[in-house]
Amino acid sequence: AGKEFLNKMVGDEGEIQMEDREEITISEEYDRVYTGVNDPVLKDSGTGKSLTVANTAGYEDTVLWSPYGNEGMGYNNFVCVESVKFDPVTLEGGSSWTGDMSLSAYDL
C-alpha cells in the first residue's frame, strides 16, 4: 500500500496512480509499472503455492500485467510479473549494468 504505479491501461500515455492495497487480486486486464517495488510475492490460492521474486542488484521496479478477459491470450491462465529498472540507465563506453533476480517457490 502507498506505492505509486503507472497504469498503462488509462489514456494514451498511462496515468500515475497510488496503490492502496497490500495484496492485489487480478480481476481485470492489467498493465502497470510499480515503482519502488522490487520484491513481490505471488500467491496462487488455487494451487496453494507462492513465488517470491528477490531482486538483489539493478532492478528497482516491477511490471504486473495480465490479459484478463482476453481468451485469445489465455486470459485466465497466467499473470506476468517482470523485474525492471523503469528509469533509464546511462552507461559510459566500456561500462556495464547488471540486474540480478532469483525466484523461490513455497507452499502457502
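This structure is a prediction, so every number in the text was calculated from the model and none was measured.

Caption draft 1: View of the sheet that holds strand β6 (residues 61-66). Taken in spatial order, the 5 strands of this open sheet run β2-β1-β3-β6-β7, and their pairing is antiparallel. Across the chains shown, the open sheet's two edge strands, defined by having one partner strand only, are β2 (15-19) and β7 (80-84). The mean inter-strand angle of the sheet, taken between neighbouring strand axes irrespective of direction, is 25°. In this sheet, strand β3 (residues 30-34) lies alongside strand β1 (residues 3-7) in antiparallel orientation, the contact comprising 3 bridges.

Caption draft 2: Spotlight on the confidence of the model for the protein. Mean pLDDT over the protein stands at 89; residues scoring 70 or higher make up 98%. Per-element confidence in the protein ranges from a low mean pLDDT of 88 for strand β4 (residues 41-44) to a high of 95 for β2.

Caption draft 3: Inspection of the pattern of salt bridges at higher detail. Tallying each qualifying case throughout the model produces 6 salt bridges. In this structure, E19 engages R21 in a salt bridge whose closest nitrogen and oxygen atoms are separated by 2.7 Å. Judged by relative accessible area, E19 falls into the buried class, the value being 4%. Under the relative-accessibility criterion, R21 is labelled partly exposed at 29%. With a closest N to O distance of 3.7 Å, E19 and R32 form a salt bridge. Placement of the pair is E19 in strand β2 and R32 in strand β3, with a sequence separation of 13 residues. For R32, a relative accessible area of 8% corresponds to the buried category. Counted as one network, the salt bridges with shared partners bring together E19, R21, E28 and R32.

Caption draft 4: Structural context of the nonpolar core. In terms of nonpolar packing, the biggest core is built from 5 residues, these being F5, Y30, Y34, V37 and L64. Other than its neighbours up to four places away in sequence, L64 contacts I24, I26, Y30, D31, R32, Y34, V79, C80 and V81.

Caption draft 5: Molecular detail of the sheet that holds strand β8 (residues 100-107). Taken together, 3 strands build an open sheet; the order of strands is β4-β5-β8 and the sheet is antiparallel. Edge positions in the open sheet fall to β4 and β8, since each of these has one partner strand only. Adjacent strand axes in the sheet meet at a mean angle of 15° when their direction is disregarded. Two strands pair when backbone bridges link them, and β4 and strand β5 (residues 49-57) are joined in this way by 4 bridges, in the antiparallel orientation. Following the sheet pairing, K43 is matched in β5 by S50.

Caption draft 6: Spatial organisation of the environment of S104. Mapped onto the elements, S104 comes out in strand β8. With relative accessibility at 27%, the residue S104 sits in the partly exposed group. Linking S104 and V53, residues 51 residues apart in sequence, is a C-alpha distance of 6.8 Å. Each residue touching S104, except ones within four places of it in the same chain, is listed here: S50, L51 and T52.

Quick notes on the rules
- Counting restarts for each chain, with residues numbered from 1 along the sequence as it is written.
- A pLDDT threshold of at least 70 governs which residues receive local features in this predicted model, and a stricter bar of 80 or more applies before side-chain atom pairs are shown or counted, although totals over entire chains, interfaces and linings include all residues.
- Based on all heavy atoms of the structure, the side-chain values leave hydrogens and waters out of the count.
- Pairs of strands are assigned from DSSP output, requiring at least two bridges between the strands.
- Starting at the N terminus, helices and strands are each numbered in turn, a helix being any DSSP run of H or I of at least four residues and a strand any DSSP run of E of at least two.
- Axis lines are fitted through C-alpha atoms, for helices just across the contact stretch, and the angle between N-to-C directions can take any value from 0 to 180 degrees.
- Here pLDDT means the predictor's own confidence in every residue, given as a number from 0 to 100.
- One side-chain nitrogen of Lys or Arg within 4 Å of one carboxyl oxygen of Asp or Glu is enough to make a salt bridge.
- For the exposure calls, accessible area comes from a 1.4 Å probe over protein chains only, and a residue counts as buried if that area is under 20% of its type's maximum, exposed if over 50%, partly exposed in between.
- Nonpolar cores were defined as sets of buried Ala, Val, Leu, Ile, Met, Phe, Trp, Tyr and Cys residues, with membership established by side-chain atoms within 4.5 Å.
- Any two residues whose heavy atoms approach within 4.5 Å are treated as being in contact.

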